[in-house]
Amino acid sequence: METFDVIVLGAGSAGVSAALRASDQGAQVCIIEQEKIGGSCIHKGLYPLKLGLGLLRNNESNFNVNGHIDSEKLFHKITDSMQLLSKLWEQRLTEAGVMIKIGSGLPLSSDLVQVRSNDKTFDIATKKIIIATGSSPVQLPALPFEGDIIVSTDDIFKNYSIPDRVFIMGAGGYGCELSSFYQMLGSKVFLSSDHSRLFPDQDPEIINNLERSLKSLKVKLLLGKKISSYFKNNELLDITLAEGIKFQTEKIILNLDRQGNSENLECDTLGVRVGDNEEILVNDKLETSVPDIFAVGSITGRRSRSGISEEEGKIAADNAMGKNKSINYDWIPFVFFTKPEIASVGCFAEQAHYKGFRGVEGCAKSEYLDFSFLGEIKEGFFKIVADARSGVVIGGQFVSPNASQLISLLVLAIKKGMKVGALVSLANGKSEEIEGIREAARLCSKAIKKQHQTM
């Protein structure tokens, strides 16, 4: 019988991250994947959508035929690129010494996994197990999935047709990105959310900027609105919201609840606790209720983004290798690939006191920075948040063309406990976008000094 130090179930972003981390520490690792390397991240979720947005923004002429987007050509490009990326992930795993097995894995105990592959069944032994089998969309009882008319976010790249009008139910970062994508394809977009704001737990100025951006794209925001009824009217769907708002659409995309892919893992027999939505329950070290079994990614009931899943994979792998680490979600940035991009990490000033800080912020508007004039960038800002007592950086929010890349610098500052003065000393030309970070840090430092003078 083959024996490994760590077996990972699922080769999405969380599982691959865990496998590579454990292998880097000298472990003998096996990863078991039922379908394709890359999971939902590469084949259904963020990656294909991000690529689609990039292709339309930077190479729209390649897909524009007589004033319309050639969706079949675009979607083929996305699919082909994701298949290549899947092979690169597979190559990376192989080069790291990770054993890949295609099939379904069933933990029989904390040290034994049964593998079913090509009508063959065999057991492999292990010291630790990391479950990263992901999640699946849940349809509404009153709004079941139906062909290409009512679909989940997992199915948007299965059909090449572009609807004239599309209704996206459920906002969040992915819903906003989907709205931008379909608007660029030429669709009239309706975006709904149960909340009165797109991101009630984010910096209000970020929310304002994002809502203005979507409205400028002619996306119809239906905030705090719930669907009351719908019925087919020939090729259209007549939608009525609870508040009496009525409109027609050709397609409904449900960006709503998901349930963990745990039903085939026989968690009850194993003793692993699960929640109401089949999610596997874990503690802050990503341990399940069974010793030596961990769970990461959206199987834990969290709406996953690749950055969060990757970090969870690393933490679980470290703990499987004998370390004692806890996941700190304040260190994981939220990134939205809208236009401009939005990135946020740590605290924003108004919520800092909930975490024991006295928050002070410095905000630099892009319109007053040199790089915006040179690039004709009319909107955006950079915020740096620090603790007034210690001067340590505790958060920040960026709205800028390359916010997704720049936020990594702020994550490093937070992790290292750097003071805001260190960001003021960043070496860069004033013509570069990073100037926004330096200027926001300068304003934050100035605000801290002013508070000290008045105390």
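Everything below is about the structure shown above.
The following paragraphs examine the structure supplied in this document. (Residues numbered from 1 in each chain as written. Predicted model: local features only at pLDDT ≥ 70, side-chain atom pairs only at ≥ 80, totals over all residues. Heavy atoms only, no water.)

It is worth spelling out the pattern of salt bridges at this point. In this structure the tally under the stated criterion is 18 salt bridges. A salt bridge links K128 to D292; its shortest N-O distance comes to 2.5 Å. Note that K128 is positioned in strand β8 (residues 120-131) and D292 in the loop between α7 (267-270) and β19 (293-295), a separation of 164 residues in sequence. If you follow the salt bridges from partner to partner, you end up with D203, E205, E361, K365 and K383 in one network. (Salt bridge = Lys/Arg side-chain N within 4 Å of Asp/Glu carboxyl O. Helix = DSSP H or I, 4+ residues; strand = E, 2+ residues; numbered from the N terminus.)

What follows concerns helix α3 (residues 46-58). Across its 13 residues, α3 extends 18 Å between first and last C-alpha, which sits within 8% of the 18 Å expected from 1.5 Å per residue. Along α3, the residues classified as buried are L46, P48, L49, G52, L53, L55 and L56. (Expected span 1.5 Å × (residues − 1). Buried < 20%, exposed > 50% of the residue type's maximum accessible area, 1.4 Å probe, protein only.)

Spatial ordering of the open sheet is given by β14-β15-β16, a layout of three strands whose pairing is antiparallel. The open sheet is flanked by β14 (227-233) and β16 (246-249), the only strands paired with a single partner. Direction aside, neighbouring strands of the sheet carry axes that sit 25 degrees apart on average. Of the strand pairs in this sheet, strand β15 (residues 236-241) and β16 are connected by four bridges, and their pairing is antiparallel. (Pairing = 2+ DSSP bridges. Axes fitted to C-alpha atoms, helices over the stretch in contact; angles between N-to-C directions.)

Taking strand neighbours across the sheet as the criterion, the five strands line up as β20-β21-β24-β23-β22 in an open arrangement whose pairing is antiparallel. A strand with exactly one partner marks an edge of an open sheet, and here the two such strands are β20 (334-336) and β22 (359-365). Pairwise comparison of adjacent strand axes, ignoring direction, gives a mean angle of 10 degrees for this sheet. Alignment of strand β23 (residues 381-387) against strand β24 (residues 393-400), held across six bridges, turns out to be antiparallel.

For the rest of this paragraph, the subject is the environment of G224. For G224, the position within the fold is in the loop between β13 (220-223) and β14. Put simply, G224 and A364 are 140 residues apart on the chain and 31 Å apart in space, counted from C-alpha to C-alpha. What G224 contacts, discounting residues up to four positions off in sequence, is S193, D194, H195, S196 and E243. (Contact = heavy atoms within 4.5 Å.)

Moving on, we get to the side chain of K251. Looking at the secondary structure, you find K251 in strand β17 (residues 251-254). Classification of K251 by relative accessible area gives buried; the value is 4%. When near neighbours in sequence (up to four residues on either side) are disregarded, K251 contacts D148, I149, V151, P163, R165, V166, F167 and Y182.

The next subject is the nonpolar core. A general trend in soluble globular proteins is that nonpolar side chains are found buried together. Counting 99 residues, the largest nonpolar core has L74, I130, F181 and I384 as its most contacted members. What L74 contacts, discounting residues up to four positions off in sequence, is L55, L56, F63, I69, F181 and L185. C30, V113, V115 and I280 belong to the second-largest nonpolar core, a separate cluster that totals 19 residues. (Core = buried A, V, L, I, M, F, W, Y, C linked by side-chain atoms within 4.5 Å.)

The next point concerns helix α1 (residues 13-24). In this model, α1 (twelve residues) spans 16 Å end to end at C-alpha, consistent with the 16 Å of a helix rising 1.5 Å per residue. Judged by how many residues are buried, α1 sits mostly within the fold: ten of twelve residues are covered. Buried within α1 are the following residues: S13, A14, G15, V16, S17, A18, A19, L20, A22 and S23.

Sheet analysis places strand β6 (residues 104-109) next to strand β7 (residues 112-117), joined by five bridges and oriented antiparallel. Within β7, the residue paired with L106 across the bridge is Q114. Remark: two residues form the turn of the hairpin made by β6 and β7, two consecutive strands paired antiparallel. Pairing of β7 with β8, which is carried by six bridges, proceeds in the antiparallel orientation. Counterpart to R116 in the pairing with β8 is T121. The hairpin turn running from β7 into β8, its antiparallel successor, is two residues long, and N118 in that turn takes a positive phi close to 50 degrees.

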